[in-house]
Amino acid sequence: MENTTKGKVCVTGASGYVASWLVKRLLESGYHVLGTVRDPGNHKKVGHLWNLTGAKERLELVRADLLEEGSFDDAVMACEGVFHTASPAAVLDSAINGTLNVLRSCKKNPSLKRVVLTSSSSTVRLKDEADLPPNVLLDETSWSSMEFCESLQIWYAIAKTLAEKAAWEFAKENGIDLVAVLPTFVVGPNLSHELSPTTTDVLGLFQGESTKFTMYGRMGYVHIDDVASCHILLYETPRAAGRYICNSAVLDVNELVTLLARRFPSYPIPKSLPCVYGEQTYGFSTAKVRELGMKFRDVEEMFDDAVDSLRAHGYLLNSVPPHLLLSSYPLRLPPPRLHDQLLVSATFPRSGSTRGGRPMASGGSSNAGSLTQWLREKGFDEEAIGRMSRRCKNLHGLDAGEASGVWDYLLNVVKIERRKLRYVVTKCPKVLTLSVDDKLVPTVQCLTTLQAKPGEVAQAIVKFPQILFHSVEEKLCPLLAFFQTLGISEKQLAKLLMVNPRLISYSIEAKFSQTVDFLVGLGIDKEGMIGKIMAKEPYIMGYSVDKRLRPTAEFLKSAVGLEGSNLQRVIMSFPDILSRDVDKILRPNLAFLRSCGFSKDQVMALVAGYPPVLIKSVKHCLEPRMKFLVEEMGRDMGEVVDYPQFFRHGLKRSLEYRHKVLKQMNSRCSLSEMLDCNQKKHDLTCHLNQVRQLESSILRIMMENFSIVLKIDPSKVQGMYLDKKMNS
């Protein structure tokens, strides 16, 4: 007989990846579970919870919203324990306020035994290289550096760290028994058909995508079931207190892909990935949670279970046919001229069989079937199917076999993620009516011939599905010929089309020619610099000349005072400035700079030296840096005019730290001398006499604090070389 005497507990965000597994294990352990979700009636989001063993007898789902204060009162008051797993971690204020809203509700329940908070190992491991000694074992006393995360814009880690710290402070002030689970990268089966972000990244890796895991670098991994068990263990163990790292193993990204490629040879897993962070050797100590009896599954088991789940949900085939493995790599055609390459790709040899000019379903039945049922099986709900039918009348004459051919090609060859492919089809259902051989293959092959990688082509199609409808001969070739007259290279053209695929839809005469004529009117070289401007800012061709580009240029002339070559240099070095709204962005920034006391000539010098100063956030960038410059550093504003790149450097990470070092050494140097040595690579060559003229204190600061090794070439005695990477 099931044990049903363990009491009632609340799980916030119950439909989430971790929360769903936690609900599953709590029900199996005999708990009565009250789960909070934003919409209990959304069967697509919560249906998998009702399929769990014990759900009909001991599961309740109620509405609650993290951003509504008091929203959790009723749910929490009915329970003895709370597992807070929900967190809108992408938004700082929402993550913090959401956590505090739940804890405020917990404070109102005098019978509450314990709160278990789901945090993250990203609150522990993200630090500057100088703060991570070789082979260090990070434990629960470690916290990530907010300055480091801010400099790399790792907002997830910042949100998680600030939310957890706020929770500890609130719990201490209000006598709440709080423990925190810090999982590493969570891998394993999905209970829901909707994939979590981490599972989506794993799916991408098995489809040959490498960007996400390259950016992860060295990472800890843990099985989803172990994470759920850890939560329950900490809730049920009276002596548990504080933070607990939940991790099975720590692997470099190349160790991971080597293991997976060997274990799953039928999938196009990258054989190696670049180490963007250099060599990392840190590990995680799990002694604290293991001492309570926690055991972890190994990496092989967690990925085995993840793959089995992805297969069961239809995201991965049981094995990938060899022809699909080969076709996942772009075919490089001989490059006589790029224009000719596109014409060749338009007549690219057909693959597969067709019926009535339309594709047969690859790997599926060729018999006509119910398209509506097929769409349901692919995860489309009734509302979406109805909306698609209204948008595309041709769907009524299409059968499941024909649609399946397009779906399989885009999924397995172009490598569009399944959830993103559903978005593409929902937004542009006419895609399903295209012929694979006559339409899709030539267009995709054309794009890959432009040195675009398969993953980039997939991203371009997701951004702008209409890219698939354009004719190679009628649209792409004339477009290419036009861009070639501007001196745009094959590689630059690929970047333009992948970053802003909507360019393909623009008219040469109505859009492109006007923009080019406008830039030429500013004195910018048509055959050289315009191509470079477009490569830097691919969206510039999409803006209206009369509504955006011309007003911005006139503002830079009349209000800022830039003329002739100065205006040209600003646009060529930072073309993004032309795409900014004058009244909402440029004018307020200019007004702020003038309010600081800069003269018109000084403002013009600032903008000419560092154009982004006109689009930086006044509140978060310009104002705090100006205040620090004058009040803390005691500097004159004229120094900023001489070195406008001052606004590029981080306040916490660069300005405060460098100023503190100089203050301790009782020394002084210019802003450029102080901040230039913050670059990761710095190659400085100067005459020996100039070296001797530098203050000895500055040399000492550089050597002691910036890890610089000075080497003088005795044979040439020409200068000073900095030959070692600096710690930024």
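Structure first, text after, so check above.
Only a predicted model underlies this, so the values are computations on that prediction, with no experimental measurement involved.

Cut-offs applied
Numbers given for residues are sequential positions, taken from 1 along each chain in its written order. Local features in this predicted model are restricted to residues whose pLDDT is 70 or higher, and side-chain atom pairs enter the listing and the counts only when it is 80 or higher, whereas totals over whole chains, interfaces and linings include all residues. As a rule here, side-chain values cover all heavy atoms of the structure and leave hydrogens and water aside. In this text, helices come from DSSP runs of H or I with a minimum length of four residues, and strands from runs of E with a minimum of two, each type numbered from the N-terminal end. For this analysis, residues touch if any pair of their heavy atoms sits within 4.5 Å. Per-residue and other accessible areas were derived by the Shrake-Rupley procedure at a 1.4 Å probe size, with only the shown protein chains allowed to occlude residues. Aromatic rings from Phe, Tyr and Trp, with only the six-membered ring used for Trp, were paired whenever their centres fell within 6.5 Å, and each pair was classed as stacked if the ring planes differed by under 30 degrees, edge-to-face if by over 60, and tilted otherwise. Three exposure classes are used, based on accessible area relative to the maximum for each residue type with a 1.4 Å probe and protein chains only: buried under 20%, partly exposed in between, and exposed over 50%. Multiplying 1.5 Å by the residue count of a helix minus one yields the expected span of that helix. Comment: arc refers to directions from the helix axis out to C-beta atoms. When DSSP finds two or more bridges between two strands, those strands count as paired. Axis angles are defined between N-to-C directions and span 0 to 180 degrees, where every axis is a line fitted to C-alpha atoms and, for a helix, only to the segment in contact. To sort the angles, those under 35 degrees are grouped as roughly parallel, those over 145 as roughly antiparallel, those from 65 to 115 as roughly perpendicular, and the leftovers as oblique. Side-chain classes are defined by residue name, with Ala, Val, Leu, Ile, Met, Phe, Trp, Tyr, Cys and Pro counting as nonpolar, Asp, Glu, Lys and Arg as charged, and the others, Gly among them, as polar. We define a salt bridge as a contact between a side-chain nitrogen of Lys or Arg and a carboxyl oxygen of Asp or Glu at a distance within 4 Å.

Asks: Can you break down the overall build of the chain residue by residue, with the values?
Replies: Helix and strand counts for the chain stand at 35 helices and 16 strands. Taking as baseline every contact in the chain between residues at least 6 positions apart, the subset at least 24 positions apart corresponds to 77%. Of the roughly 33200 Å² that the chain leaves accessible, carbon and sulfur atoms contribute 51%.

Asks: Could you give me a rundown of the packing of aromatic side chains, with the residues and numbers involved?
Replies: Applying the stated criterion to the full structure yields 13 aromatic pairs. Taking the centre distance of 5.2 Å and the plane angle of 50° together, the rings of Phe83 and Tyr235 count as tilted. Taken together, the residues span a long stretch of sequence, with Phe83 in strand β4 (residues 81-84) and Tyr235 in helix α10 (residues 224-236) at a distance of 152 residues. No difference in accessibility class separates Phe83 from Tyr235, as the two residues are buried. Judged by centre distance (5.5 Å) and plane angle (80°), the rings of Phe646 and Phe647 are edge-to-face. Judged on exposure class, the residue Phe646 and its partner Phe647 are both buried.

Asks: Account for helix α13 (residues 299-312), with residues named and values stated.
Replies: Taking 1.5 Å per residue as the helical rise, α13 with its 14 residues ought to reach 20 Å, and the 20 Å between its terminal C-alpha atoms agrees with that figure. Where α13 is concerned, the buried positions are Val299, Met302, Phe303, Ala306, Val307, Ser309 and Leu310. Buried residues of α13 fall within an arc of 160° about the axis and therefore sit on the same side. Close packing links the buried residues of α13 with β8 (185-187), α8 (197-206), β9 (219-223), β11 (249-251) and α11 (253-263). Backbone geometry just downstream of α13 places Gly314 in the positive-phi region, at approximately 85°.

Asks: Could you give an account of the side chain of Asp201, with specific residues and numbers?
Replies: Within the secondary structure, Asp201 is located in helix α8. Exposure remark for Asp201: the relative accessible area of 7% places this residue in the buried category.

Asks: I'd love a proper account of unusual backbone geometry, names of residues and values included.
Replies: Phi is positive for Asn135, which is not a glycine, with a value near 60°. Along the chain, Asn135 turns up in the loop between β5 (114-118) and β6 (137-138). Residue Asn135 is classed as exposed on the basis of its relative accessible area of 59%. A positive phi angle, near 70°, is found at Lys415, a position not held by glycine. Among the structural elements, Lys415 can be located in the loop between α18 (400-413) and α19 (418-427).

Asks: Give me the sheet that holds β9: which residues, what numbers.
Replies: Ordered by their spatial adjacency, three strands build an open sheet running β8-β9-β11, and the pairing between neighbours is mixed. Each edge of the sheet is formed by a strand with only one pairing partner; in this case those strands are β8 and β11. The mean inter-strand angle of the sheet, taken between neighbouring strand axes irrespective of direction, is 40°. Sheet analysis places β8 next to β9, joined by three bridges and oriented parallel. Note on β9: the bridge partner recorded for Val187 is His223.

Asks: Residues and numbers for the packing of helix α17 (residues 382-391) against α19, please.
Replies: Orientation of α17 relative to α19, taken along the N-to-C sense of each, is 45°, at an axis distance of 9 Å. In terms of their interaxial angle, α17 and α19 are classed as oblique. Contact residues: Arg387, Met388 and Arg391 in α17; Val425, Thr426 and Lys427 in α19. By residue class, the composition of the contact of α17 with α19 is two nonpolar, one polar and three charged.

Asks: I'd like a rundown of the sheet that holds strand β7 (residues 178-183), residues and numbers included.
Replies: Taken in spatial order, the seven strands make up an open sheet running β3-β2-β1-β4-β5-β7-β10, and their pairing is parallel. Both outer strands of the open sheet, β3 (59-63) and β10 (242-246), are each paired with one neighbouring strand and no more. Looking at each pair of strands side by side, their axes are set apart by 20° on average, direction ignored. In the sheet, strand β1 (residues 8-12) pairs with strand β2 (residues 32-37) via five bridges, with the strands oriented parallel.

Asks: Which residues make up the packing of helix α26 (residues 545-560) against helix α29 (residues 600-609), and what values do they have?
Replies: Viewed as axis vectors pointing N to C, α26 and α29 meet at an angle of 145°, and their least axial separation amounts to 10 Å. Along its contact with α26, which presents Ser558, Ala559 and Val560, the element α29 presents Lys600, Met604 and Val607. Tallied by class, residues from the contact of α26 with α29 come to four nonpolar, one polar and one charged.

Asks: Give a detailed account of the pattern of salt bridges, specifying residues and quantitative values.
Replies: A full pass over the atoms with the stated rule returns 27 salt bridges. Overlapping salt bridges, with partners in common, bring together Lys24, Arg25, Glu28, Asp225, Asp226, Arg297 and Glu301 in one network.

Asks: So what about the pairing of β5? Which residues, and what values?
Replies: Each regular strand displays side chains that alternate between the two surfaces of the sheet. With five of five residues buried, β5 lies mostly within the body of the structure. Both faces of β5 are covered, namely the face carrying Arg114, Val116 and Thr118 and the face carrying Val115 and Leu117. Looking at chain direction, β4 and β5 are connected through four bridges and run parallel. Residue pairing across strands places Val82 opposite Val115, the latter belonging to β5.

Asks: Describe the environment of Met541, and please don't skip the residues or the numbers.
Replies: Locating Met541 in the fold gives a position in the loop between α25 (529-536) and α26. Judged by its relative accessible area of 0%, Met541 is buried. Between the alpha carbons of Met541 and Arg502 there is a distance of 10.0 Å; along the sequence they are 39 residues apart. Non-local contacts of Met541, meaning those with residues more than four positions away in its chain, are made with Leu486, Leu503, Tyr506, Lys511, Phe512, Thr515, Val516 and Met534.

Any functional reading would require information beyond the geometric quantities listed.
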